[in-house]
Amino acid sequence: MGDGDMRKRKFWKLTSVVLIAGSVLLGSSGCARNANGDLASSSSTAEYASEDSSQSSSSSAESSPSKFSSESSSLSSSAEASSEEANDENRNDGNQGKENQADNQTKGSDGDQSKNSSSMSSSFNRWDRKDEKKRFERDGEWESQLIQGSDIHYFAKELTDNGPRFQEMVEYGDGKIVTYIDAITDAFLDEVMEYCPDALILSGDLTLEGEKKSHQELAKKLEKVEDAGIPVLVIPGNHDINNRKAGKYKGTQRMPAEYTTPEEFREIYRNFGYDEALSEDKTSLSYVYELDDETRILMLDTCQYRPVAKVGGAILSDTYDWIEEQLRSAWEDGVMLIPIAHHNLLDESEIYVDDCTIEHGEQLVDLLEEWDAPFFLSGHLHVQHYKRSSDNKGLPEMVTSSLATPGCKYGVLSYSPDGEFYYRTWAVDVEKWAKEHGSKKADLLNFDEFQGEFLRKVFYNQSQKALENIPGLTDAQKKQMSDYYADLNDAYYQGTAYRICKQAYQDPAYELWMDNNALTELPEYIEYILRDAKTDYNLLRSK
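Throughout what follows, the structure given in this document is the object of discussion.

About the thresholds
- Residues numbered from 1 in each chain as written.
- Predicted model: local features only at pLDDT ≥ 70, side-chain atom pairs only at ≥ 80, totals over all residues.
- Heavy atoms only, no water.
- Helix = DSSP H or I, 4+ residues; strand = E, 2+ residues; numbered from the N terminus.
- Buried < 20%, exposed > 50% of the residue type's maximum accessible area, 1.4 Å probe, protein only.
- Polar contact = N/O pair within 3.5 Å; in protein donor to acceptor, adjacent residues only side chain to side chain.
- Contact = heavy atoms within 4.5 Å.
- Phe/Tyr/Trp six-rings, centres within 6.5 Å; stacked < 30°, edge-to-face > 60°.
- Lys NZ or Arg CZ within 6 Å of the ring centre and 35° of its normal.
- Core = buried A, V, L, I, M, F, W, Y, C linked by side-chain atoms within 4.5 Å.
- Pairing = 2+ DSSP bridges.
- Patch = residues over 30% accessible without salt bridge, like charges linked within 9 Å, V, L, I, M, F, W, Y side chains within 5 Å.
- Areas by Shrake-Rupley, 256 points an atom, 1.4 Å probe, with all protein chains shown as cover.
- Salt bridge = Lys/Arg side-chain N within 4 Å of Asp/Glu carboxyl O.
- Lys, Arg positive; Asp, Glu negative; His and termini not counted.
- Charge placed at Lys NZ, Arg CZ, Asp CG, Glu CD.
- Axes fitted to C-alpha atoms, helices over the stretch in contact; angles between N-to-C directions.
- Parallel < 35°, antiparallel > 145°, perpendicular 65-115°, else oblique.
- Left-handed = near helix turned anticlockwise from the far one by under 90°.
- Nonpolar A, V, L, I, M, F, W, Y, C, P; charged D, E, K, R; others polar.

## Comments concerning the side chain of Thr 425
Note on placement: Thr 425 falls in strand E18 (residues 421-427). With a relative accessible area of 0%, Thr 425 lands in the buried category. Among the polar contacts listed, one links the side chain of Thr 425 to the side chain of Asn 538, at a separation of 2.7 Å.

As structure tokens, this is what we get:
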């Protein structure tokens, strides 16, 4: 690199990209409050501002009604109260009623405890499609649009008869709505063609478990997007290649299905980035795509699949050499290079660092910052999140949640000639798609309600499993704790846990979880969610 003058980048044409990313879960102090007493982000610097999404529609499970009522707030990048003060305040608010809570917990043995919990209800980050589109169209500072999504986890219809073994996998899995993934995918691609971004980027975990048939069927669907004049760019995720878990379902049985090799992956998706690449890495499935005269997309293959698929991400030493060549080339040609990967660049999760963050990712961070990369885009977590590379400074990474997991969101990224950017998420409007296509399925026609119930049921089942062997808890207490966990984890997945953070600390179920923290790992996870509940992770905008 040269002196400081060399780092003065030319102004770039605003571009928007649609991304689809990857799979898994998610961390430092949260529940901050501003001068007005509203929840606010204390972690953002003056350079970045996050915004609260006010458009939402609540969803709750009838069998286990949602406990948290949504709190709406206006977020600012310079909170006047520190996160530690906010956490102390929230904890103290919860402790003020501890004596009453103790009485309530005593009543729990009689089955009455759940009645004493505060009534709270989390809600998905739904966007009013028409209002949001109007907002985009009247915002003159943005010239182009990029739409991003996250792991599709597409599963070919012919690989299941929707029998009991398949339904068991779905209901006791990690929250992916595999039953309706065909409809979700079609609805998403229709929206992509409606909004007509500069590119659709699918950043890994394209399939459920790397079934060759699922890849082939998805590639067939992507052809219509290319035919509409929208470039489609793909890279693999950890589920996609050499995955021995590839399977098919019939009745009560799960049987092996044909998996996909690296060579087959490139052949299947040759028309979606690879054959048009400006440069391909010889040791991985990474490549560079020239979006226009001023923008290139660096599609990084961070997956480990030789000889078999692993969950975690890593980059080969030869690939690092190739990456630096591409960064240098973009710099010398005066164009912006946008890096995108399946795995996370930064430690976005305190719980899943080993399997989510790229191994020795600090080497990639240093390289990208040395060559002045604008930001980094990834997925893999299935949780909506973002972070910056060091002390709220440096390279920002936006992690887009999964299209397969409620609320089925994708990212929209715009950036301007002066280097500003605007990232937000939109939810796929499955209900609208179902009505337009004459669907008779009640779950699709009432998808917002269905997906809320579905995800809470998955989390409720996880909690019940963790609590089943813990002594001294009544069935009523276990139900209360599971309702609490389902609501909180739902909000966390949506990137909106900040809305219910204060109420979560005050809820009697919080004390029940903390009193049993030595008997299960879930209390640690709950504490992490509350520490991380700093802002709305669906929105990030440079000032």
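## Description of the side chain of Ser 439
With respect to the secondary-structure elements, Ser 439 resides in the loop between helix H12 (430-436) and helix H13 (442-445). The residues contacting Ser 439, other than those within four sequence positions of it, are Ala 434, Leu 444 and Leu 445.

## Points about the packing of aromatic side chains
One pass over the structure, following the stated rule, counts 25 aromatic pairs. When the ring of Tyr 180 is compared with that of Phe 450, the centres are 5.5 Å apart and the planes differ by 80°; the resulting orientation is edge-to-face. Of the two residues, Tyr 180 sits in the loop between helix H4 (164-171) and helix H5 (181-195) while Phe 450 sits in helix H14 (residues 447-467), which places them 270 residues apart along the sequence. Residue classification places Tyr 180 among the buried positions, given a relative accessible area of 12%. Aromatic ring contacts, followed pair by pair, group Phe 459, Tyr 485, Tyr 492, Tyr 493, Trp 513, Tyr 525 and Tyr 528 into a single cluster. The ring of Tyr 422 carries the charged tip of Arg 424 above its face, separated from the ring centre by 4.2 Å.

## A closer look at the nonpolar core
Core analysis: the largest hydrophobic core is formed by 115 residues, its most contacted members being Leu 200, Leu 222, Val 234 and Tyr 269. If you look at the next biggest cluster of nonpolar residues, it comprises 24 residues, including Leu 337, Leu 346, Leu 364 and Val 365.

## Side note on the pairing of strand E5 (residues 146-149)
The two faces of E5 match: Leu 146 and Gln 148 on one face and Ile 147 and Gly 149 on the other face are all buried. Two elements, E5 and strand E17 (residues 409-415), share four bridges in a ladder whose sense is antiparallel. Note on E17: the bridge partner recorded for Ile 147 is Val 412. Looking at chain direction, E5 and strand E6 (residues 200-203) are connected through two bridges and run parallel. Paired with Ile 147 across the two strands is Leu 200, which belongs to E6.

## A look at a negative patch on the surface
Where like charges cluster on the molecular surface, the negative patch consists of Asp 347, Glu 362, Asp 366, Glu 369 and Glu 370. Mapped onto the elements, Glu 362 comes out in helix H11 (residues 361-370).

## So, unusual backbone geometry
Cis geometry marks the peptide bond from Arg 306 to Pro 307; its omega dihedral reads 0°. One can find Pro 307 in the loop between strand E12 (295-300) and helix H9 (317-333). Looking along the chain, the bond that leaves Pro 406 and enters Gly 407 is cis, with omega of -5°. One can find Gly 407 in the loop between strand E16 (393-399) and E17. One non-glycine residue with positive phi stands out, namely Asn 242, at about 50°. Position of Asn 242 relative to the elements: it lies in the loop between strand E7 (232-235) and strand E8 (247-250). The backbone of His 380 shows a phi angle near 75°, a positive value even though the residue is not glycine. Along the polypeptide, His 380 turns up in the loop between strand E14 (376-378) and strand E15 (385-390). By relative accessible area, which is 0% here, His 380 ends up buried.

## Brief notes about the packing of H14 against helix H15 (residues 475-494)
Where H14 meets H15, the closest approach of the two axes is 8 Å, and the angle between their N-to-C directions is 130°. Considered as vectors, H14 and H15 are oriented oblique to each other. When the axes of H14 and H15 are compared, the crossing they make is right-handed. Across the interface between the two elements, Leu 455, Arg 456, Phe 459, Tyr 460, Gln 462, Ser 463, Gln 464 and Leu 467 of H14 pack against Lys 478, Lys 479, Met 481, Ser 482, Asp 483, Tyr 485, Ala 486, Asp 487, Asn 489, Asp 490, Tyr 493 and Gln 494 of H15. By residue class, the composition of the contact of H14 with H15 is eight nonpolar, six polar and six charged.

## Considerations on the environment of Asp 318
With respect to the helices, strands and loops of the structure, Asp 318 is situated in helix H9. On the basis of relative accessible area, Asp 318 is assigned to the partly exposed category, the value being 46%. Residues Asp 318 and Ser 284, spaced 34 residues apart in sequence, show a C-alpha to C-alpha distance of 9.1 Å. Apart from residues lying up to four places away in sequence, Asp 318 is in contact with Asp 281 and Thr 283.

On their own, these measurements won't tell you what the molecule is for.
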